[in-house]
Amino acid sequence: MYYVPYYVNTPMYNNGNQPIPLPSSQGGVLPNQAGYANNNQMTTDFGQQPFVVDMEQAAKLNNTYRTAIWTGNHLQITLMSLNVGEDIGLEIHPHVDQFLYIEQGQGVTQMGSNKENLNFTQNVYKDYAIVIPAGTWHNLTNTGNSPLKLFSIYAPPNHPFGTIHVRKADAGASKEEYGH
């Protein structure tokens, strides 16, 4: 097995942060082939293909609000970055279980059976996992002084194949567009 570095879309205005290197398993898509722009920025996710990635490195280097890096028929992996004070936003996925893993930063997660009664609150830090059962209202807020870096696994997928939301506002527009 060999690894080939390639890169996820990062905003052109990312203030000098580096793009995300994503190692591929043998047989993965190589740079400058399908799915890549001329600048080696990944433009699609790698769903339906075998895939190996250093999740900690990928999550820490991600500067987008949400980027889908693998979307299959039964699950989806996204990278997320929440700015200081930013939250995911109170939401519910009626038929989707969700797993969040914090790679950097700290926050507070809230969950409950209805949005007026979030009776589960827990501080979360690096290496904490958050499991959100389908049909549970939830939110995650960055309470630290640096970006909160995490990855999320949805089962089944919750976003269209290839989703990239540079900012939280992009995600809000996408929810309306896709009828969520």
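Since the model is a prediction, treat every value here as computed from it, not as a measurement.

Calculation rules
Residues numbered from 1 in each chain as written. Predicted model: local features only at pLDDT ≥ 70, side-chain atom pairs only at ≥ 80, totals over all residues. Heavy atoms only, no water. Helix = DSSP H or I, 4+ residues; strand = E, 2+ residues; numbered from the N terminus. Pairing = 2+ DSSP bridges. Axes fitted to C-alpha atoms, helices over the stretch in contact; angles between N-to-C directions. Buried < 20%, exposed > 50% of the residue type's maximum accessible area, 1.4 Å probe, protein only. Lys, Arg positive; Asp, Glu negative; His and termini not counted. Salt bridge = Lys/Arg side-chain N within 4 Å of Asp/Glu carboxyl O. Polar contact = N/O pair within 3.5 Å; in protein donor to acceptor, adjacent residues only side chain to side chain. Contact = heavy atoms within 4.5 Å.

Caption draft 1: Here's a closer look at unusual backbone geometry. Going from Ala 155 to Pro 156, the amide bond is cis rather than trans, its omega being -5°. Tracing the backbone through its elements, the reader meets Pro 156 in the loop between strand S11 (148-155) and strand S12 (164-165). If you check the backbone angles, Asp 127 has positive phi at about 75° while not being a glycine. Along the chain, Asp 127 falls in the loop between strand S8 (120-125) and strand S9 (129-132).

Caption draft 2: Spatial organisation of the sheet that holds strand S10 (residues 137-142). Read across the open sheet, the three strands follow the order S8-S7-S10; overall the sheet is antiparallel. Pairing within the sheet leaves two strands with one partner each, and these edge strands are S8 and S10. If you compare each strand with its neighbour and ignore which way they point, the axes differ by 20° on average. Note that strand S7 (residues 106-112) and S8 share six bridges and pair antiparallel. Following the sheet pairing, Val 108 is matched in S8 by Asn 123.

Caption draft 3: A look at the side chain of Asp 45. Relative to the elements of secondary structure, Asp 45 occurs in the loop between strand S3 (41-42) and helix H1 (55-61). For the buried residue Asp 45, which engages in no salt bridge, the nearest side chain bearing the opposite charge is Arg 66, 11 Å off. Within the structure, the side chain of Asp 45 is placed 2.5 Å from the side chain of Thr 71, a separation counted as a polar contact. Here Gly 162 takes part through its backbone nitrogen, which lies 3.2 Å from a polar atom of the side chain of Asp 45. In this structure, Asp 45 is in contact with Ala 68, Ile 69, Trp 70, Thr 71, Phe 161 and Gly 162, ignoring residues within four places of it in sequence.

Remember that the coordinates give geometry; whether it matters functionally is a separate question.
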